[in-house]
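Listed below, chain by chain, are the residues.
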Amino acid sequence: MHQADIPMSSPDLTEAERQAVAAVLRTPNLSMGGEIQAFEAAFTRRLGCKHAIGVNSGTAGLHLCVRAAGISAGDLVITTPFSFVASANVLLYENAVPVFVDVDPLTGSIDPGLVQRAAADLLQGGKAARAWLPRRGAQGRHPLKAILPVDVFGQPADLAPLEATARQHGLKLIEDACEALGAEYQGQPAGLFGDYGVFAFYPNKQITTGEGGMIVTDDETAAGLMRALRNQGRAPGDTWLQHTHLGYNYRLDEMSAALGRVQMDRLDELLEKRSQVAAWYSERLEELPEVQTPQLAPTTTRMSWFVYVIRFAPDIDRDRIARELHQHGIPARPYFIPIHLQPYLVERFGYQEGDFPVTEDLGRRGLALPFSSVMTEEQVEIVCQTIAEIVRS
Ligand SMILES: *Cc1c(COP(=O)(O)O)cnc(C)c1O
């Protein structure tokens, strides 16, 4: 059988990245030096925000936002079940309760109308509130603290109405922009909506640092706290062995920051290339009636392609197609498996199949295809032809 051997994702690195990392290794300064400052400055410049705080993963960044928002045990946070698990896990780290609401079927982003209704009902309490809460694990009276939307697959969530709901009720808004660096919502960069935004740099993201993340915010007090928390809770003025807060080691090392700094210089080039690969896919796959290509909302004025996820018609066995693609040397992944159906969430909150039907439907029908900025048109052609053959067989 023909083996295509196409990777699921791939970083896009040049000599400039290799030299920048090697240069750090010729200095004695491997953590909290000039490179992280330069990497952070690249973000404040590009996004036009006041503060950027480099951390060692997107998850760490989201966790610091949860801490900065003052979210603690029993607090409620409205978020989406159609995401990578980290966006819900950071709430569980603080024993807060993620209150899931379903998503928009076109984009997979949290439905702002449902968020508005959930917020009003949760703040009212009683019977109205209970309708939104999980079957168990959320007993007693808990305050609603925040909304945590996710910019799914590189497309901003419908952020304007979410921001309005947050403002109306005095809730914090944490934007998980880990999949959407460079995207724009109505001309505004993703990551800047609400109180804090977070980006991530795992090797399959638009830019990579190996492992890493970046928080962006205009909130000076929160930025100071998050800088302290990433560095073992050391506040300004603390010595190396003085710790004002319970903190973490969420520091981003200098080698990673140097890599990220060069990748940031190349961001537009990388996004252009990803956009070209997505266009090659869509051109070919739009001819297949069994396949729905990714759809953009009118509010998405700039897409930042993270993954390329197609949806199969309901009568098609997505898992069979994924298996056969693998046999041809083409990796493909269901994207996402709904968060509320992950075993530890089922156990803790009693979620059941059917609780979030749109999310579950997208979870059953979606398949992420190999995707990166270094993918060639020939590789895209092979993937699409193989899909066409499998679907027709
Ligand atoms: C990648 C990602 C994160 C963070 O991932 P890390 O691996 O911790 O950097 C968070 N949320 C979403 C939606 C992501 O895709």
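In what follows, the structure referred to is the one given above.
Keep in mind that what you see is a predicted model, and the values were worked out from it rather than measured.

A.B. asks: Break down the overall build of the protein for me, with residues and values.
C.D. replies: From N to C terminus, the protein includes 14 helices and 13 strands. The C-alpha radius of gyration computed for the protein amounts to 21 Å, which stays within 12% of the reference 21 Å derived for 393 residues, consistent with globular compactness. Taken along the three principal axes of its C-alpha coordinates, the protein extends 65 × 65 × 35 Å. Relative to its full complement of 393 residues, the protein shows a buried share of 56%. If you sum the accessible surface of the protein, you get close to 16,200 Å²; carbon and sulfur atoms cover 51% of it. Treating the 35 positive side-chain charges of the protein as one cloud and the 48 negative ones as another, the clouds have centres 6 Å apart.

A.B. asks: Explain the site of the ligand to me, and be specific about the residues and the numbers.
C.D. replies: Residues in contact with the ligand amount to 14 residues; listed here are only the nearest, Gly58, Thr59, Asp176, Glu179 and Lys205. Between an oxygen atom of the ligand and a main-chain N or O atom of Gly58, the distance comes to 2.8 Å. Here an oxygen atom of the ligand sits 2.8 Å away from a polar atom, N or O, in the side chain of Lys205. Protein contacts shield 92% of the accessible area of the ligand, which totals 380 Å² for the unbound molecule. A per-element tally of the shell around the ligand places helix α3 (residues 58-68) first, with three residues. In the shell around the ligand, the residues fall into six nonpolar, five polar and three charged.

A.B. asks: Hey, could you go over the packing of aromatic side chains for me, with residue numbers and the actual values?
C.D. replies: Counted according to the given criterion, the structure contains 18 aromatic pairs. Seen from their ring centres, Phe39 and Phe43 are 5.4 Å apart, and the 85° between their planes marks the pair as edge-to-face. Taken together, the positions of Phe39 and Phe43, both in helix α2 (residues 34-47) and four residues apart, correspond to about one turn of that helix. With relative accessibility at 0%, the residue Phe43 sits in the buried group. Joined through ring pairs, the aromatic side chains of Phe39, Phe43, Phe199 and Phe201 make up one cluster.

A.B. asks: Provide a residue-level description of empty space enclosed by the protein, including the pertinent values.
C.D. replies: Here the idea is plain: a probe the size of a water molecule rolls over the atoms and shows the empty space left. The tally for this structure, following the rule as stated, stands at two cavities of 30 Å³ or more. Volume-wise, the largest cavity comes out at about 180 Å³. Contributing to the lining of the largest cavity are 19 residues, with Phe153, Pro294, Gln295, Val309 and Arg311 lying nearest its centre. The residue makeup of the lining of the largest cavity, split by class, is twelve nonpolar, six polar and one charged. For the lining of the largest cavity, the domains that each give at least three residues are domain 1 (15-265) and domain 2 (267-392).

A.B. asks: Can you break down the packing of helix α11 (residues 318-327) against helix α14 (residues 377-392) residue by residue, with the values?
C.D. replies: Close contact between α11 and α14 brings their axes to 10 Å; oriented N to C, the two are set at 130°. What the angle tells us is that α11 and α14 run oblique. Helix-helix and strand crossings are classified by hand; for α11 and α14 the assignment is right-handed. Along the contact surface, α11 presents Arg320, Ile321, Glu324 and Leu325, while α14 presents Thr386, Ile387, Ile390 and Val391.

A.B. asks: Please provide a residue-by-residue account of the sheet that holds strand β9 (residues 213-217), values included.
C.D. replies: The seven strands lie next to each other as β1-β9-β8-β5-β4-β2-β3, forming an open sheet whose pairing is mixed. Here the strands that pair on one side only, and so sit at the sheet edges, are β1 (51-55) and β3 (97-100). Shown here is a sheet whose adjacent strand axes are inclined to one another by a mean of 25°, direction ignored. Where strand β5 (residues 172-176) lies against strand β8 (residues 196-200), three bridges are found, and the strand directions are parallel. Its bridge partner being in β8, Ile174 is matched across the sheet by Tyr196. Packed onto the sheet, α2 meets β1, β8 and β9 and runs at close to 140° relative to β1.

A.B. asks: Could you give an account of the side chain of Thr209, naming the residues involved and the relevant values?
C.D. replies: Here Thr209 lies in the loop between β8 and β9. A polar contact of 2.8 Å, which involves the side chain of Thr209, links it to the backbone oxygen of Glu211. Side-chain polar atoms of Thr209 contact the backbone nitrogen of Gly212, separated by 3.4 Å. Beyond its immediate stretch of four places on either side in the chain, Thr209 contacts Phe39, Phe201, Leu252, Ser256, Leu259 and Gly260.

A.B. asks: Talk me through the environment of Asp218; I want residue IDs and the actual numbers.
C.D. replies: Mapping Asp218 onto the fold places it in the loop between β9 and α8 (220-230). When the C-alpha positions of Asp218 and Tyr335 are compared, they lie 32 Å apart, and in sequence the two are 117 residues distant. Setting aside chain neighbours within four positions, we find Asp218 in contact with Cys49, Lys50, His51 and Asp195. Engagement of the side chain of Asp218 in a polar contact is seen with the backbone nitrogen of Lys50, the distance being 2.7 Å.

A.B. asks: Could you give an account of the pairing of β8, naming the residues involved and the relevant values?
C.D. replies: Along β8, five of the five residues are buried, which leaves the element largely enclosed by surrounding structure. Side chains Tyr196, Val198 and Ala200 of β8 all project onto a buried face; the interleaved residues Gly197 and Phe199 project onto the opposite face, where all are buried too. When β8 meets β9, the two strands line up antiparallel, connected through five bridges. In the sheet register, Val198 faces β9, and the bridge partner there is Ile215.

A.B. asks: Can you lay out the nonpolar core for me, pointing to particular residues and giving the numbers?
C.D. replies: If you look at the biggest cluster of nonpolar residues, it comprises 41 residues, and the most contacted ones within it are Ile174, Tyr196, Ile215 and Met226. Where this core is concerned, the elements lending two or more residues are β1, α3, α4 (86-92), β4 (144-148), β8 and α8. It is α3 that provides the largest number of residues to this core, a total of six residues. Viewed by domain, this core spans two of them, domain 1 (15-265) and domain 2 (267-392), each represented by three or more residues. Dropping the residues within four chain positions of it, Ile174 is found in contact with Leu62, Cys65, Val66, Ala69, Ile71, Ile147, Leu148, Pro149 and Tyr196.

Parameters at a glance
Residues numbered from 1 in each chain as written. Predicted model: local features only at pLDDT ≥ 70, side-chain atom pairs only at ≥ 80, totals over all residues. Heavy atoms only, no water. Helix = DSSP H or I, 4+ residues; strand = E, 2+ residues; numbered from the N terminus. Rg over C-alpha atoms; globule rule 2.2 N^0.38 Å. Buried < 20%, exposed > 50% of the residue type's maximum accessible area, 1.4 Å probe, protein only. Areas by Shrake-Rupley, 256 points an atom, 1.4 Å probe, with all protein chains shown as cover. Lys, Arg positive; Asp, Glu negative; His and termini not counted. Charge placed at Lys NZ, Arg CZ, Asp CG, Glu CD. Near = heavy atom within 4 Å. Polar contact = N/O pair within 3.5 Å; in protein donor to acceptor, adjacent residues only side chain to side chain. Nonpolar A, V, L, I, M, F, W, Y, C, P; charged D, E, K, R; others polar. Phe/Tyr/Trp six-rings, centres within 6.5 Å; stacked < 30°, edge-to-face > 60°. 1 Å grid on protein atoms, 1.4 Å probe; cavity = no way out; pocket = protein on both sides within 12 Å on 5 of 7 lines; lining within 4 Å. Points joined across faces, edges and corners; volume = space filled by probe spheres on them. Domains from an automatic or database assignment. Axes fitted to C-alpha atoms, helices over the stretch in contact; angles between N-to-C directions. Parallel < 35°, antiparallel > 145°, perpendicular 65-115°, else oblique. Left-handed = near helix turned anticlockwise from the far one by under 90°. Contact = heavy atoms within 4.5 Å. Pairing = 2+ DSSP bridges. Core = buried A, V, L, I, M, F, W, Y, C linked by side-chain atoms within 4.5 Å.

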